[in-house]
Amino acid sequence: IMSLLRQWSSRVFSVELDARSAPFYFAIQESHRGEEVPRLFRNVQKYERCYSVFVCSGDRIQRAKFYWELKDKLQRALPPQCDFLPMSSFLPNVKHSLMKGYFVKDTSECSSSTERVLSDFIQNDPVLVCSYLRGEDGRLWTQRLRSHAESREVGMSQEHYVVPSEAPDYHPSTLNLINSDVFYSFEEAYKVLEKCGDIIPESTAVLGLVGQRPQARHKPDCPVIVIEGLDATGKTTLTESLRDALGATLLRSPPQCLSPWRARFDQEPPLIRRAFYALGNYITAEQIGQEAMQTPVIVDRFWHSTAAYAIATAVNGPVCNLPSEGSEVYCWPGDLLQPSLVVLLTLDPEERRRRLRARGQDKTEEEQELDHNQIFRLRVEEAYQRISGPACVTVDASPSADQVLQQVLLLIRGKCHL
Ligand SMILES: Nc1ncnc2c1ncn2[C@@H]1O[C@H](COP(=O)(O)OP(=O)(O)O)[C@@H](O)[C@H]1O
Ligand SMILES: Nc1ccn([C@@H]2O[C@H](COP(=O)(O)OP(=O)(O)O)[C@@H](O)[C@H]2O)c(=O)n1
């Protein structure tokens, strides 16, 4: 926390208004040089007050857990007239410097209950709270940092002026992706679940299934073909037909043996949830290695799904916020079995919705999000296509099931000499 406070005035703050527009960026500085008020503050009414609450201490599992629950906690404790917007603080373009929190706008007429609740948070929880104070003439805003540590240990009580800041080269939510949202080795994902043992007892059972480390990566004897795509693009239909047409073994990731725990890990914050799915890929890889000694193997979802959904969830806003093409974020993990071919099924959103409705099945929350949130769907599809080593081959899944099958069989024969 001390080092965090030392770099406080080098940090940039960003507040997201909605998924479509760019965030508001601002910085703080000790003296005022005539800068304008950042746009975020321009239309704050006279009686309204602004705060930010950041998660600041604990190990990374505790921080992830606390942030995951923070909005609910704040919403329950603060007056109903408070609005919450996702907020970040980061050192521009510095990896792993991102801190997450919420910007709170209190539109109630009396500040006392909000102040009391925030003081309790400062005393009892791993948070830093900032108050934003409007200057006399309404043109200057200052930020005052308030933390438990501050009141006892450091003199950070002086106010800093809030000034506009440029957008950084890399969108802040891309800074912490590596080994928090996407895991690039078995060890990194394993470590996360290992550390969760005391708070999520199911982790121990999952680790028991995973074993100690992946087998040395060797090239499978028979072709391994992965089928990827959003829900209802026809993966199940196609993978079953391919199994029958090629006399292949059909596997999926996450593997069947993890099904009892999937719903449990789907409730956890991204750090833990994504580590669970990452480990699922290593279990499936182990099964692929075994089966591919005898028959071709078809796999329903694999690392492309794990990485694409994780990246698209962690990074908000339009597709241009994603890490750029060629970024290390899209690289295949060095210790994970590489398939011979990855096919990505794509479908226009209307037809996909029709198939979802026709299937009439319950959807995971994330899949419902895809339905509601066109931009999220675009980010997932773009992330799928940026992953390399192996990259995916896109196939239009709108023709009949048999035509799609024939098209993919052609690809397989071309690539895998079957
Ligand atoms: N090529 C196709 N044309 C029309 N309908 C299809 C096609 N492929 C699959 N379907 C139907 O669309 C729905 C979703 O397919 P499914 O294979 O379950 O997708 P996924 O496994 O990707 O979620 C199912 O009702 C299936 O019968
Ligand atoms: N290999 C995989 C497979 C799924 N997933 C996650 O699981 C979700 C999709 O799983 P699903 O069960 O709805 O997919 P379908 O089986 O319906 O095609 C995605 O939201 C991903 O977050 C993953 O991370 N890695």
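- The name an unreviewed UniProt entry gives the chain is UMP-CMP kinase 2, mitochondrial, with Myripristis murdjan as the organism.
- UniProt lists a comment for the chain under the heading Subcellular location (unreviewed entry), and it reads "Mitochondrion".

**Looking at the overall build of the chain**
Consideration 1: The number of helices and strands found in the chain is 15 helices and 13 strands.
Consideration 2: Computed over the C-alpha atoms, the radius of gyration of the chain is 24 Å, within 12% of the 22 Å expected from 2.2 N^0.38 for a compact globule of 418 residues.
Consideration 3: Projected onto the principal axes, the alpha-carbon positions of the chain cover approximately 75 × 45 × 35 Å.
Consideration 4: Pairs at least 24 residues apart make up 76% of the contacts formed inside the chain by residues separated by at least 6 positions.
Consideration 5: For the chain, the exposed area adds up to about 19,300 Å²; of that, 47% sits on carbon and sulfur atoms.
Consideration 6: Distance from the positive charge centre (48 side chains) to the negative charge centre (54 side chains) of the chain: 1 Å.

**With respect to helix α7 (residues 202–210)**
Consideration 1: Every buried residue belonging to α7 is among S203, V206, L207 and V210, and all of these are buried. Angular distribution of buried residues about the axis of α7 spans 100°; they occupy a single face of the element. Exposed and facing more than 90 degrees away from the buried side of α7 are T204 and G208.
Consideration 2: The secondary structure elements touched by the buried residues of α7 are α6 (186–196), α9 (259–266) and α10 (270–291).

**Re the sheet that holds strand β13 (residues 393–396)**
Consideration 1: Read from one edge to the other, the open sheet built from five strands follows the order β10-β11-β9-β12-β13, with strand pairing classed as parallel. Strand pairing shows two members of the sheet lacking a second neighbour, β10 (249–252) and β13, which therefore form its edges. Averaged over neighbouring strand pairs, the angle between their axes works out to 25° when direction is ignored.
Consideration 2: Pairing between strand β9 (residues 224–229) and strand β12 (residues 341–346): five bridges, direction parallel. Looking across to β12, one finds that V226 is bridged to V342.

**Overview of the side chain of S97**
Consideration 1: The topology assignment puts S97 in the loop between β4 (82–90) and β5 (99–106).
Consideration 2: Under the relative-accessibility criterion, S97 is labelled buried at 6%.
Consideration 3: Polar side-chain contacts of S97 include one of 2.7 Å to the backbone oxygen of V94.
Consideration 4: Once you skip the residues sitting within four places of it in the chain, S97 turns out to touch R11, S89, F90, L91, L175 and N176.

**Digging into the sheet that holds β5**
Consideration 1: Within the closed barrel, the eight strands sit side by side as β1-β2-β8-β7-β6-β3-β5-β4. Their pairing is antiparallel. When strand polarity is set aside, the average angle formed by the axes of neighbouring strands in this sheet is 30°.
Consideration 2: Pairing of strand β3 (residues 49–55) with strand β6 (residues 127–134) involves six bridges; the strand directions are antiparallel. Within β6, the residue paired with V53 across the bridge is V129.

**A closer look at the nonpolar core**
Consideration 1: By size, the foremost hydrophobic cluster in this structure holds 62 residues, and its most contacted members are V192, I288, F302 and W303.
Consideration 2: Considering each element in turn, this core owes the most residues, eleven residues, to α10.
Consideration 3: Sequence-distant contacts of I288, defined by excluding residues within four places in its chain, comprise V224, L251, V297, V299, F302 and L337.
Consideration 4: Core analysis: the next-biggest nonpolar cluster, separate from the first, contains 25 residues, C50, F103, L128 and W141 among them.

**As for the pattern of salt bridges**
Consideration 1: What the rule picks out here adds up to 19 salt bridges.
Consideration 2: Linking R264 and E268 is a salt bridge whose minimum nitrogen-to-oxygen distance equals 2.5 Å.
Consideration 3: The salt bridge involving E350 is made with R353; its shortest N-O contact spans 3.4 Å. Of this pair, E350 and R353 both sit in helix α12 (residues 349–359), separated by three residues, roughly a single helical turn.

**Regarding the packing of aromatic side chains**
Consideration 1: Taken as a whole and judged by the stated rule, the model has 20 aromatic pairs.
Consideration 2: Between F276 and Y277, the ring centres sit 5.5 Å apart and the planes meet at 80°, which makes this aromatic pair edge-to-face.

**A short note on the pairing of strand β7 (residues 141–146)**
Consideration 1: For β7, a buried count of five out of six residues is recorded, marking the element as mostly surrounded by other parts of the structure.
Consideration 2: By the bridge criterion, six bridges tie β6 to β7 in an arrangement that is antiparallel. Note that in β7 the partner of L133 across the bridge is T142.
Consideration 3: Connecting the antiparallel pair β6 and β7 is a turn made up of six residues, with G138 showing a positive phi of about 80°.
Consideration 4: Where β7 and strand β8 (residues 160–164) come together, two bridges link them in antiparallel fashion. By the bridge assignment for β8, Q143 is matched with H160.

**Focus: the domain arrangement of the chain**
Consideration 1: Per the domain assignment, the segments of the chain are domain 1 (2–174) and domain 2 (186–416).
Consideration 2: Once you take the C-alpha centre of each, domain 1 and domain 2 turn out to be 37 Å apart.
Consideration 3: Contacts between the two partners involve twelve residues from domain 1, matched on the other side by 21 residues from domain 2.
Consideration 4: Summing the contributions of domain 1 and of domain 2, the shared interface buries around 1,500 Å²; its carbon and sulfur component is 62%.
Consideration 5: Summed over the three residues of domain 1 that lose the most area to domain 2, namely R60, I61 and W68, the buried surface amounts to 36% of that side.
Consideration 6: The tally of links from domain 1 across to domain 2 stands at two salt bridges.
Consideration 7: The shortest N-O distance in the salt bridge between E268 and K65 comes to 2.6 Å.
Consideration 8: Tallied by class, the residues present in the side of domain 1 that touches domain 2 amount to four nonpolar, three polar and five charged.

About the cut-offs
- Residues numbered from 1 in each chain as written.
- Chains lettered and ligands numbered in written order.
- Predicted model: local features only at pLDDT ≥ 70, side-chain atom pairs only at ≥ 80, totals over all residues.
- Heavy atoms only, no water.
- UniProt positions renumbered as here; feature names shortened; annotations may be inferred.
- Helix = DSSP H or I, 4+ residues; strand = E, 2+ residues; numbered from the N terminus.
- Rg over C-alpha atoms; globule rule 2.2 N^0.38 Å.
- Contact = heavy atoms within 4.5 Å.
- Areas by Shrake-Rupley, 256 points an atom, 1.4 Å probe, with all protein chains shown as cover.
- Lys, Arg positive; Asp, Glu negative; His and termini not counted.
- Charge placed at Lys NZ, Arg CZ, Asp CG, Glu CD.
- Buried < 20%, exposed > 50% of the residue type's maximum accessible area, 1.4 Å probe, protein only.
- Arc of directions from axis to C-beta.
- Pairing = 2+ DSSP bridges.
- Axes fitted to C-alpha atoms, helices over the stretch in contact; angles between N-to-C directions.
- Polar contact = N/O pair within 3.5 Å; in protein donor to acceptor, adjacent residues only side chain to side chain.
- Core = buried A, V, L, I, M, F, W, Y, C linked by side-chain atoms within 4.5 Å.
- Salt bridge = Lys/Arg side-chain N within 4 Å of Asp/Glu carboxyl O.
- Phe/Tyr/Trp six-rings, centres within 6.5 Å; stacked < 30°, edge-to-face > 60°.
- Domains from an automatic or database assignment.
- Buried area = accessible area lost by both parts, 1.4 Å probe.
- Nonpolar A, V, L, I, M, F, W, Y, C, P; charged D, E, K, R; others polar.

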